[in-house]
Amino acid sequence: TLWPSLIKDGLILFGICLMAFSYKKTFDYKFYYLLLLLIFSHLFARYIISYSPTEKWSNFYINETGFDEANFNKTIAENESIVTSQYLLHRIDAYDYIDLDKLTDSPEVIFGFVSSHTFLPNIKLSDCKRMGSLKLDTGIQLLNAQACHVVGDNVEVLIGDNESAAAFKFLYKGNPKIIILDKNFLSQNAPKRNSEWLIEQFNKSPIEKNR
C-alpha cells in the first residue's frame, strides 16, 4: 500500500507550512503542540513503513502494475470471499516454477507453471505442455494454461483428467493445496465463472478420489 508514504509526504508538507507560520511575530502556544504532533506522527509513519510485507502479501504480489491485464486485482476486489477464506493465494513469478520449496504450511491456492518431471509430495508430474487459452464446457476459461500428466496416491484432478490436468488438489502436512496451472486464471480478463468455481472448491471436502 502507498498510504504510509502518502502520510509521510503530507506530514512533511504540513511541517513546512507550520515553519512558515512560525516566522510571524505573533503566534500562540498551540504551534508547539502542533509541532510535537507532527514529529510523533512522522515517527509513527516511519515505523509503519519499516514493516516488511506479510507472507500473505509477498506470496500474492509479483510486482505487477494495476493496469496489467494479468493482475488479479479486479477479480479480488469483486470477490471478497476469495481473500477472506482460509486459503492463501500464492502466485509464482513468470520466471519461476512451482516446486516443493514453494509450499507453505497453510491451505493455499498456487497459480503458476511446473517444470518437466516435477515432484510434489507423493505426486509426479510429467509430459507437461502449454495450452494457452481454452474455454471449457463448464464455463471455466483457461487463459494462460499448462496441462500435465499427474500420478499420485492422494490427488484429485479438478480441471481435466490424470492424463492432462490443468488443476489438481492434494494434502500437504494435513493442509489442502490447490494447484492451478494457469498464471492468469483470475486475471482482469477472466470470466466470472473462474472465481465462482474457485470459491466452490474452497467449500468442498479436502480430497475426493477421481473416478
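Shown above is the structure to which this text applies.
Residues numbered from 1 in each chain as written. Predicted model: local features only at pLDDT ≥ 70, side-chain atom pairs only at ≥ 80, totals over all residues. Heavy atoms only, no water.

**A short note on the nonpolar core**
Under the convention used in this document: Residues enter a nonpolar core if they are buried and are Ala, Val, Leu, Ile, Met, Phe, Trp, Tyr or Cys, with the set joined through side-chain atoms within 4.5 Å. Type-normalised accessible area, obtained with a 1.4 Å probe on protein chains alone, sets the label of each residue: buried when under 20%, exposed when over 50%, and partly exposed for intermediate values. Think of it this way: any DSSP run of H or I at least four residues long counts as a helix, any run of E at least two long counts as a strand, and we number them from the N terminus. Here, residues are in contact when the closest pair of their heavy atoms is within 4.5 Å.
Ranked by internal contacts, the top residues of the largest apolar core, which has 21 residues, are Val109, Phe111, Ile159, Ile180, Phe185, Trp197 and Leu198. Every element with two or more residues in this core is listed here: β2 (108–111), β5 (141–152), β6 (155–161), β7 (164–172), β8 (175–180) and α6 (192–202). At three residues, α6 tops the list of elements feeding residues into this core. For Trp197, the contacting residues outside a window of four places in its chain are Ile140, Leu158, Ile159, Ala167, Ile180 and Phe185. By size, the runner-up hydrophobic cluster in this structure holds 18 residues, among which are Cys148, Ala165, Phe168 and Phe170.

**Topic: the state of the cysteines**
The cut-off we apply is this: By convention in this document, the label disulfide applies to cysteine sulfur atom pairs within 2.5 Å.
The tally for this structure, following the rule as stated, stands at one disulfide. Here Cys128 pairs with Cys148 through a disulfide, and the sulfurs are 2.1 Å apart. Linking Cys128 and Cys148, the disulfide has an S-S dihedral of approximately 120 degrees and is accordingly described as right-handed. Of this pair, Cys128 sits in strand β4 (residues 123–135) while Cys148 sits in strand β5, and the two are 20 residues apart along the sequence.

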